[in-house]
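Commentary on secondary and tertiary structure
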Amino acid sequence: MPCKAVNNHSDMDYNKYKPLFDDFFPYSQKRLGYTNPFAVNLMSDEDNAMNPLGRTAHYDPSKQEISVYVNGRHIKDILRSIAHELVHHLQNERGDFDGLMNTKPGYAQEDGHLRKMELEAYTDGNMMFRDWEDGYKAGKRSGQRKIKIKIKKGGCK
């Protein structure tokens, strides 16, 4: 089971979107190849939602948890943020988070290693989500899809 828990700390009606989560999580595991289960926290933060450059999501490698902010966001955007964070989950399994890392503002411009990790998460996460979405819309569920795309497993070190 790729996702050990979805903790809803928001007003979002999770049950309305549960079929999307239930299809996307196994697809992401198959596509990315991570093995450790993760948790997702659906977060509500009105102040963050009002900030045009507020947080959308983050990954905690020590807890293997994704927190995604849901206020005022379309479910597709929420899932895309989760896809990005799942690439960070894979990077954590590969050991790419080993050592001290400072994620202060500007980290992706100042730290070459972290920049490579972000590039991988943006590219592979967005394309994985796009491929899943297109297949889902076409009526192909995660276990039925055979997409022939190579995702590099080399890492960012």
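The structure reproduced in this document is the subject of the present report. (Residues numbered from 1 in each chain as written. Predicted model: local features only at pLDDT ≥ 70, side-chain atom pairs only at ≥ 80, totals over all residues. Heavy atoms only, no water.)

**Structural notes on the nonpolar core**
- The biggest cluster of nonpolar side chains holds 34 residues, and the ones touching the most others in it are Phe 21, Phe 24, Val 40 and Ile 82.
- Going through the elements one at a time, α1 (14-32), β2 (38-43), β3 (57-60), β4 (65-69), α3 (75-94) and α5 (112-137) are the ones with two or more residues in this core.
- Contact partners of Phe 24, with chain neighbours within four places excluded, come to Leu 79, Ile 82, Ala 83, Leu 86, Met 128, Phe 129 and Trp 132. (Core = buried A, V, L, I, M, F, W, Y, C linked by side-chain atoms within 4.5 Å. Buried < 20%, exposed > 50% of the residue type's maximum accessible area, 1.4 Å probe, protein only. Helix = DSSP H or I, 4+ residues; strand = E, 2+ residues; numbered from the N terminus. Contact = heavy atoms within 4.5 Å.)

**Some thoughts on the side chain of His 89**
- Summarising the element assignment, His 89 is placed in helix α3.
- Here Asn 36 takes part through its backbone oxygen, which lies 2.7 Å from a polar atom of the side chain of His 89.
- Non-local contacts of His 89, meaning those with residues more than four positions away in its chain, are made with Tyr 34, Asn 36, Pro 37, Phe 38, Tyr 59 and Gln 64. (Polar contact = N/O pair within 3.5 Å; in protein donor to acceptor, adjacent residues only side chain to side chain.)

**So, the packing of aromatic side chains**
- Per the stated rule, a full pass over the model turns up ten aromatic pairs.
- Residues Tyr 34 and Phe 38 carry aromatic rings whose centres are separated by 5.7 Å and whose planes lie at 75° to one another, so their mutual orientation is edge-to-face.
- Taking the relative accessible area as the measure of exposure, Tyr 34 reaches 2% and is therefore buried.
- Taken together through their ring pairs, the aromatic side chains of Tyr 14, Phe 21, Phe 24, Phe 25, Tyr 34, Phe 38, Phe 129, Trp 132 and Tyr 136 make up a single cluster. (Phe/Tyr/Trp six-rings, centres within 6.5 Å; stacked < 30°, edge-to-face > 60°.)

**Here's the deal with the sheet that holds strand β1 (residues 3-9)**
- Read across the sheet, four strands follow the order β1-β2-β4-β3 without closing on themselves; strand pairing throughout is mixed. Lying at the two open borders of the sheet, with one neighbouring strand each, are β1 and β3. Adjacent strand axes in the sheet meet at a mean angle of 15° when their direction is disregarded.
- Across four bridges, β3 lies against β4 in antiparallel orientation. (Pairing = 2+ DSSP bridges. Axes fitted to C-alpha atoms, helices over the stretch in contact; angles between N-to-C directions.)

**Concerning the pattern of salt bridges**
- Tallied over the full model, the rule gives nine salt bridges.
- Taking the shortest distance from any N to any O, the salt bridge between Arg 80 and Asp 77 comes out at 3.4 Å. Within this pair, Arg 80 and its partner Asp 77 are both found in helix α3, separated by three residues, close to a single helical turn.
- Given the relative accessible area of 28%, Asp 77 is considered partly exposed. (Salt bridge = Lys/Arg side-chain N within 4 Å of Asp/Glu carboxyl O.)

Note that all results are geometric; they support no functional claim without further evidence.
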